[in-house]
Amino acid sequence: MAMLKTILGNLLRPPRTRDPADMPEVPPVYRGALAHDAARCTACGTCAFVCAPKAITFTQEPGVSVSWHFFIGQCSFCGLCAQNCPTRAISLQADAPGATNSAAGDGLRLESVIRLQPCTRCGAAHVPLPDATIEALWGVEEAERGYCPECRRRAASEKLRAAFVPAEEAHHDR
Amino acid sequence: MNLIERVIAISRRRSPWICRLNAGSCNGCDIEITPLLSPRYDAEQLGVELHGTPKHADIVLISGTLTLRSREAILDIYAQVPNPKAVVALGSCPASGNVFAGSPLVLSESLDSVVPVDVWVPGCPPRPQAILDGIARAAKLLEDGATKSQLESRRGRLS
Amino acid sequence: MNAVWSSLGSYLLAFAVWPGLLLAAPLGWLELWFMRKLVARLQGRQGPPFFQPFFDFMKLLGKETVIPRGVNRGIFLALPVVSVAAVTAALAIVPLPGNPAPSLPGDVVLLLYLMEVPILCEVLAGYVSRSIYGQVAAMREALLSLAYNLPFLVAIIAMAQEAGSFQMSTLQAAPYGLVHLLAAVTFLLALPARMKLNPFSIANAEHEIVADSHIEYSGPPLALFKLSHAVELVLLTELFAVVFIPATPWPLVNLLVYLAAGVAVLGGVTLLATATARLRLTQAFRFYWVWGGLASAVTLAATLVR
């Protein structure tokens, strides 16, 4: 009898079915497709390291660029990469990836190219760090912005040395 | 194309019967098929019917990692589906093996190397609306005669 | 000679056009759509579009037929044709308004026989397919038909006893009485199982045995089985209407009343199917032999009392 009441009640109400074009919103915390911001990526490789199904890989073209590759067909949408990314370059979009007619190879693969930049001091190609990272790690000296890691280390050690050793002695040493 | 052929082509889009094939899935994708039949998503509004036997199906939904033992079963069941047919791969596992790739018991390759796949639905698991969208795409391919098995048979007839 | 040809022509017309295949098939699809839509609406769903059964049929016509290895090809392909032909021939006997075929003495017996043929076809289809699921479905169907045919046959035979004739037109015109009411109840008891609906959808229990006894069928033969089921729906509902609903002198009004009664019966049966779960074979058997048997006994007793 309770069943009869339920189903007759359904008959009186409009159907709860949504049209295929008008499907329910994805919840804001939904872990959907990955988005990669090449400007913030430092190519540190943490995401590729923590990815359990190995959906993220890096390739490099020496002296020109580093590429971040992501294969949706291998992702389990766990979100570890976004959680561990030190510069928040990876984010999980709230929209679900759609169905594709293409083969597993294309359409399901994402590539993001990080262009290398020449060092402003020695000219060596390197992955540029985002400004916020440089500020946090190396201070805010404008001249050192475009340094490669090697030159940055050298500049930092020179600064360190300058802090301990008086200027004339240093000059003398050299 | 005469009228009857046209009507049959439209009917293929309007009445896609699906058959579920679990190739070694964690059941996540299979569970997401259940809401398709529920009041909110109601696949029947597109004419979809879930059938247990491949003989009645037009579209095979394959979910799960391809294991060494499921390969034969997939081939067997795919061969039982009467032409014209379409294959929809659900989730990440058929595309690559997902987290199971590299296991000695798992075929670490795409489902495409076993049976011709027409539509890939990404997600782990895909949302019900994505599965519905995948079925609708496959049904459209059936209408256009553009599924891989249809193209293959047409090529066979020509040569 | 001329009379023979004209009566043969009227039978052919009744078989092919009305109430036969040409008009019964769309009517069957309409009833099928009505049932599916009603089930969907009762479950709070949108349900299939209006032309869904037609699309299903046309799609199946355009599909390949897979014949399992080791199966007798002739029987496998003949069964759906026999099933459709028998159901349509049975419908051609039912004296619906506008039926050109004359009613013969004893056609009730023919009708009852023809109505058993699709069930036989289903049982054979299950066994001939060599599928273990198909065989289980065939066994269930065969056993269940022993159960529901008791009230079903008694309802019709009691009406024949009441009318004093085994002729459909006499049955239709029989004066109303208590027997009509009792026989109608007995008939309705058997109807859900005849239509293979819940709670008696034991032979086509897709959750237990994958599909019904047409499990190995595909393409046009499956389409014919589906068509046979659709026409059978029309046959059962219209048989109920013709035998148990009072006729008016106006054929057009009769037709509308019969169709409305058929849809109403279908609605009631669908409501029952949606509200209940599947019984086991033993439970269904017990139901039909205890309650169906009781109803049959009361109905037959009522015909004798008069």
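Residues numbered from 1 in each chain as written. Chains lettered and ligands numbered in written order. Predicted model: local features only at pLDDT ≥ 70, side-chain atom pairs only at ≥ 80, totals over all residues. Heavy atoms only, no water.

*Asks:* Would you take a moment to explain the side chain of Thr 87 of chain A for this structure?
*Replies:* Residues and elements named next belong to chain A. Structurally, Thr 87 is set in the loop between helix H3 (80-84) and strand E4 (90-92). On the accessibility criterion, Thr 87 (11% relative accessible area) is buried. There is a polar contact of 2.8 Å between the side chain of Thr 87 and the backbone oxygen of Arg 40. Contacts of Thr 87, omitting those with residues within four sequence positions, involve Arg 40, Cys 41, Thr 42, Pro 130 and Thr 133. (Helix = DSSP H or I, 4+ residues; strand = E, 2+ residues; numbered from the N terminus. Buried < 20%, exposed > 50% of the residue type's maximum accessible area, 1.4 Å probe, protein only. Polar contact = N/O pair within 3.5 Å; in protein donor to acceptor, adjacent residues only side chain to side chain. Contact = heavy atoms within 4.5 Å.)

*Asks:* Just to check I follow, could you spell out the interface of chain A and chain C for this structure?
*Replies:* Size of an interface, as often reported, equals the accessible area lost when the parts are brought together. Taken residue by residue, the interface counts 11 residues in chain A and 10 residues in chain C. Both sides together, the interface formed by chain A and chain C hides about 890 Å², and carbon and sulfur atoms give 63% of it. Summed over the three residues of chain A that lose the most area to chain C, namely Ile 7, Leu 11 and Pro 15 of chain A, the buried surface amounts to 48% of that side. Put simply, chain A and chain C have 0 salt bridges between them. (Buried area = accessible area lost by both parts, 1.4 Å probe. Salt bridge = Lys/Arg side-chain N within 4 Å of Asp/Glu carboxyl O.)

*Asks:* What am I meant to see in the sheet that holds strand E5 (residues 109-115) of chain A here?
*Replies:* Strand pairing in a sheet relies on backbone hydrogen bonds, with the paired strands running either antiparallel or parallel. Residue and element names in this part refer to chain A. The sheet built from 3 strands is open, its strands ordered E2-E3-E5 with antiparallel pairing. Two strands lie at the open edges of the sheet, namely strand E2 (56-61) and E5, each paired on one side alone. Strand-to-strand twist of the sheet, defined as the mean angle between neighbouring strand axes without regard to direction, takes the value 20°. Relative to strand E3 (residues 65-71), E2 runs antiparallel, the two being bridged by 6 bridges. Each bridged residue has a counterpart across the sheet, and for Thr 57 the counterpart in E3 is His 69. (Pairing = 2+ DSSP bridges. Axes fitted to C-alpha atoms, helices over the stretch in contact; angles between N-to-C directions.)

*Asks:* Sorry, what's going on with the pattern of salt bridges here?
*Replies:* Once their charged atoms are close, side chains differing in charge can pair, the charge on each being opposite to the other. For the structure on display, the rule yields 25 salt bridges over all chains. The salt bridge involving Glu 143 of chain B is made with Lys 140 of chain B; its shortest N-O contact spans 3.8 Å. Here Glu 143 of chain B and its partner Lys 140 of chain B are both found in helix H5 (residues 128-144), 3 residues apart, which amounts to about one turn of the helix. In this structure Lys 140 of chain B comes out as partly exposed when scored by relative accessible area, which is 38%. Here the residues in one salt-bridge network are Asp 42, Glu 44 and Glu 49 of chain B together with Arg 36, Arg 45 and Asp 56 of chain C, joined through shared partners.

*Asks:* How should the packing of helix H4 (residues 73-93) of chain C against helix H10 (residues 220-244) of chain C be read in this particular structure?
*Replies:* In a packed pair of helices, the relevant descriptors are the angle between the two axes and the axis-to-axis distance. Residue and element names in this part refer to chain C. Running from amino to carboxyl end, H4 crosses H10 at an angle of 20°, the nearest separation of the two axes being 9 Å. Relative to H10, the element H4 lies roughly parallel. Once H4 is placed against H10, the crossing between them reads as left-handed. Residues Leu 77, Leu 79, Pro 80, Val 81, Ser 83, Val 84, Val 87, Thr 88, Ala 90 and Leu 91 of H4 lie in contact with H10, whose contacting residues are Pro 221, Leu 224, Phe 225, Leu 227, Ser 228, Val 231, Glu 232, Val 234 and Leu 235. A class-by-class count of the residues in the contact of H4 with H10 yields 15 nonpolar, 3 polar and 1 charged. (Parallel < 35°, antiparallel > 145°, perpendicular 65-115°, else oblique. Left-handed = near helix turned anticlockwise from the far one by under 90°. Nonpolar A, V, L, I, M, F, W, Y, C, P; charged D, E, K, R; others polar.)

*Asks:* Just checking my understanding: could you explain the layout of surface pockets for this structure?
*Replies:* Leftover empty space is mapped by rolling, across the atoms, a probe with the size of a water molecule. Approximately 1800 Å³ is the volume attributed to the largest pocket. Surrounding the largest pocket, 45 residues form its lining, Glu 49, Leu 50 and His 51 of chain B together with Asn 204 and Glu 206 of chain C being those nearest its centre. When residues of the lining of the largest pocket are traced back to their parent elements, those giving at least two are strand E1 (17-22) and strand E2 (49-51) of chain B together with helix H2 (21-42), helix H3 (52-61), helix H9 (206-209), H10 and helix H11 (251-275) of chain C. The residue inventory of the lining of the largest pocket, partitioned by class, reads 20 nonpolar, 12 polar and 13 charged. (1 Å grid on protein atoms, 1.4 Å probe; cavity = no way out; pocket = protein on both sides within 12 Å on 5 of 7 lines; lining within 4 Å. Points joined across faces, edges and corners; volume = space filled by probe spheres on them.)

*Asks:* Quick question: what am I supposed to make of unusual backbone geometry here?
*Replies:* Phi is mostly negative for residues that are not glycine, and the peptide bonds are mostly trans. Here the bond from Cys 124 of chain B into Pro 125 of chain B is cis, since omega is -5°, no more than 30 degrees from zero. Examined against the element boundaries, Pro 125 of chain B turns out to sit in the loop between strand E5 (119-121) and H5. Between Asn 198 of chain C and Pro 199 of chain C the backbone carries a cis peptide bond, its omega angle lying at 0°. Even without being a glycine, Ala 43 of chain A presents a positive backbone phi close to 55°. The topology assignment puts Ala 43 of chain A in the loop between strand E1 (34-36) and helix H2 (46-50). Given a relative accessible area of 24%, Ala 43 of chain A falls into the partly exposed group. The phi dihedral of Arg 130 of chain C falls on the positive side, at around 65°, and the residue is not glycine. Within the secondary structure, Arg 130 of chain C is located in the loop between helix H5 (107-128) and helix H6 (132-163). Look at Arg 130 of chain C and you get exposed, because its relative accessible area is 57%.

*Asks:* Even after reading the chapter, I still don't get the sheet that holds strand E4 (residues 86-90) of chain B, so can you show me in this structure?
*Replies:* All names here are of chain B. The strand order E2-E1-E3-E4-E5 describes an open sheet built from 5 strands, whose pairing is parallel. In this open sheet, the two edge strands, each paired with only one partner strand, are E2 and E5. Averaged over neighbouring strand pairs, the angle between their axes works out to 30° when direction is ignored. Its contacts with the sheet put H5 on E1, strand E3 (59-63), E4 and E5, and the angle it makes with E5 is roughly 175°.

*Asks:* Explanation requested: the pairing of E3 of chain A in the structure shown.
*Replies:* Strand residues, when the strand is regular, have side chains that alternate between the two faces of the sheet. Residues and elements named next belong to chain A. In terms of residue burial, E3 counts as a mostly covered element, since 6 of its 7 residues are buried. Joining the antiparallel neighbours E2 and E3 is a turn of 3 residues, in which Gly 63 adopts a positive phi near 85°. Looking at chain direction, E3 and E5 are connected through 7 bridges and run antiparallel. Residue Trp 68 lies in a different strand from E5, and its bridge partner there is Ser 112.

*Asks:* Any chance you could explain the confidence of the model for chain A here in plain terms?
*Replies:* Any residue range with low pLDDT should be treated as having predicted coordinates unsuitable for detailed reading. For chain A, per-residue confidence averages 81 on the pLDDT scale, and 91% of positions sit at 70 or higher. Within chain A, the lowest mean pLDDT, 59, falls on helix H6 (residues 167-173) of chain A, and the highest, 90, falls on H2 of chain A. (pLDDT = per-residue confidence, 0-100.)

*Asks:* Got a minute to help me understand the interface of chain B and chain A in this structure?
*Replies:* Listed per partner, the contact involves 29 residues of chain B and 30 residues of chain A. For the pair chain B and chain A, the summed buried area comes to about 2300 Å², and 58% of that belongs to carbon and sulfur atoms. Across the contact surface, chain B and chain A share 0 salt bridges. The interface formed by chain B and chain A holds 7 residue pairs in polar contact (both at pLDDT 80 or more) in total.

*Asks:* Looking at this model, I keep getting lost on the nonpolar core. Mind explaining?
*Replies:* In globular proteins that are soluble, nonpolar side chains generally tend to be buried together. All names here are of chain C. Residues Leu 111, Met 168, Phe 187 and Leu 239 are the most contacted members of the largest nonpolar core, which totals 71 residues. Per-element tally for this core: the top contributor is H10, with 16 residues. Setting aside chain neighbours within four positions, we find Phe 187 in contact with Phe 152, Ala 155, Ile 156, Leu 236, Leu 239, Phe 240 and Phe 244. (Core = buried A, V, L, I, M, F, W, Y, C linked by side-chain atoms within 4.5 Å.)

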